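For reference, the chains in residue letters:
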Amino acid sequence: MNRSKENDDRLVLVTGGAGYKGSTLCRELLFRGYRVRVLDCLMYGGRPLSGLFNHDKFEFVRGDVTVRQDVEAAMDGVTDVIHLAAIVGDKPCECDPQRSIEINYYGTQILAEAARKKKVGHFLFASSCSNYGITDSATPIKEDGELNPVSLYAETKIDCERYLENAAKTGDFFPVMLRFSTAFGVSGRTRFDLIVNSFTYEALRDKRIIVYAEEGWRPFLHVLDIARIYCRMLELPKEGLAGQIYNAGWNEQNYTKRQIVQFILDVLGEFEVDRINTVEDKRSYRVDFFKIEKLLGITPLKTVKDGVAEIAAAIRTGLLTEQDFENNKLK
Ligand SMILES: NC(=O)c1ccc[n+]([C@@H]2O[C@H](COP(=O)([O-])OP(=O)(O)OC[C@H]3O[C@@H](n4cnc5c(N)ncnc54)[C@H](O)[C@@H]3O)[C@@H](O)[C@H]2O)c1
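Residues numbered from 1 in each chain as written. Predicted model: local features only at pLDDT ≥ 70, side-chain atom pairs only at ≥ 80, totals over all residues. Heavy atoms only, no water.

A. How the structure looks around empty space enclosed by the protein. All chains considered together, the criterion is met by 1 cavity of 30 Å³ or more. Approximately 30 Å³ is the volume found for the largest cavity. If you go around the largest cavity, the residues you meet are H83, L84, A85, A86, N104, T108, F125, K157 and C160. If you list the elements that add at least two residues to the lining of the largest cavity, you get α4 (97-117) and α5 (152-168). Residues of the lining of the largest cavity, tallied by class, amount to 5 nonpolar, 3 polar and 1 charged. (1 Å grid on protein atoms, 1.4 Å probe; cavity = no way out; pocket = protein on both sides within 12 Å on 5 of 7 lines; lining within 4 Å. Points joined across faces, edges and corners; volume = space filled by probe spheres on them. Helix = DSSP H or I, 4+ residues; strand = E, 2+ residues; numbered from the N terminus. Nonpolar A, V, L, I, M, F, W, Y, C, P; charged D, E, K, R; others polar.)

B. Main features of the sheet that holds strand β7 (residues 182-184). Within the open sheet, the 3 strands sit side by side as β7-β9-β11. Their pairing is mixed. Each edge of the open sheet is held by one strand with a lone partner, namely β7 and β11 (254-256). Adjacent strand axes in the sheet meet at a mean angle of 50°, parallel and antiparallel pairs treated alike. Where strand β9 (residues 217-222) lies against β11, 3 bridges are found, and the strand directions are antiparallel. Bridge pairing in β11 places W217 opposite T256. (Pairing = 2+ DSSP bridges. Axes fitted to C-alpha atoms, helices over the stretch in contact; angles between N-to-C directions.)

C. A look at the side chain of S130. For S130, the location among the structural elements is in the loop between β5 (122-128) and α5. Within polar-contact distance, the side chain of S130 engages the side chain of S128 at 2.7 Å. For S130, the residues in contact, after removing those within four places along its chain, are P149, Y153, A154, R283 and Y285. (Polar contact = N/O pair within 3.5 Å; in protein donor to acceptor, adjacent residues only side chain to side chain. Contact = heavy atoms within 4.5 Å.)

D. Structural view of the packing of aromatic side chains. In total, this model carries 8 aromatic pairs according to the counting rule given. An angle of 45° between the planes, with centres 5.1 Å apart, marks the rings of F180 and Y230 as tilted. Of this pair, F180 sits in strand β6 (residues 174-180) while Y230 is found in helix α7 (residues 223-235), placing the two residues 50 residues apart along the sequence. A residue is classified by how much of its surface remains accessible, and F180, at 3% relative accessible area, is buried. Look at Y230 and you get buried, because its relative accessible area is 0%. (Phe/Tyr/Trp six-rings, centres within 6.5 Å; stacked < 30°, edge-to-face > 60°. Buried < 20%, exposed > 50% of the residue type's maximum accessible area, 1.4 Å probe, protein only.)

Honestly, it's all geometry; don't read function into it.
In structure tokens form, the structure reads like this:
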């Protein structure tokens, strides 16, 4: 881990830093000595950041990535950008397609233009493995495999990737596209619209879960491992990364939903499982992570079972409550 003095000179702008991934990432960046500035409109409130607010290397700017003045002001003095702000997930994007395109696509353009003008170093974009949509799961898909998005959410991510790939060709801008696996684990805003977290919660509360299309594949990674991937990326020379797309996760963490349910059964003990094999959830993708594993040279800290045990402990101790579940579940 790099906690060297040179991180003192780097100010990392994290858009969407008050969210699920961002709140853990900011803590990890501060721990490694970076200065951190969050730009977030606080769509889900600011609580996830309250523990960091009085850290002397932390700044919070309330603003919107679609408002040019907000973005330009937040970019002042920044050395690197980690862009997380978005409407996240298929259902939330369907609820307001126009605003989702504005935030996910135009917000990214505005941020990228401002970052380029200010000559920032790394520009790390949060894309998603859901860009692959439906694949032949016999062979894990590589970065140059066919994209088959089944949602507006994935389409906005693919459009951003194309825009950023082109922007990288100018030679004075260094965007990297990270197609992340589905996250799990406890964070400042623990999302319950994610498979591992929501199944664990429902199994504990109801002693029963409903699983659709259980043979569908998906890659997973812990929210802390996401933060570790970002931190490692910041340590690498930006020139070699510019314009590159990486699947971001681990080869050993591709699972079917049936396997995820089995992990939860292993950790929590018996509960009822209703298996519904309809086409409700068409997505299925197994992903190849050799490119990023070779680049980063790190391995996962947390398994899915670790994540299940962590979520269960947070619920049993009252750290996470029904209110958290209600606020952050799929609506
Ligand atoms: N969580 C996952 O499993 C996962 C997987 C792949 C990719 N990603 C990507 O990672 C990023 C972060 O995901 P997350 O799970 O932390 O989501 P999240 O919904 O918890 O966080 C998103 C944050 O962005 C902020 N935001 C939204 N619109 C904004 C705007 N216009 N201006 C400023 N801030 C705004 C919200 O207030 C929120 O704090 C997203 O880009 C998402 O697409 C997430």
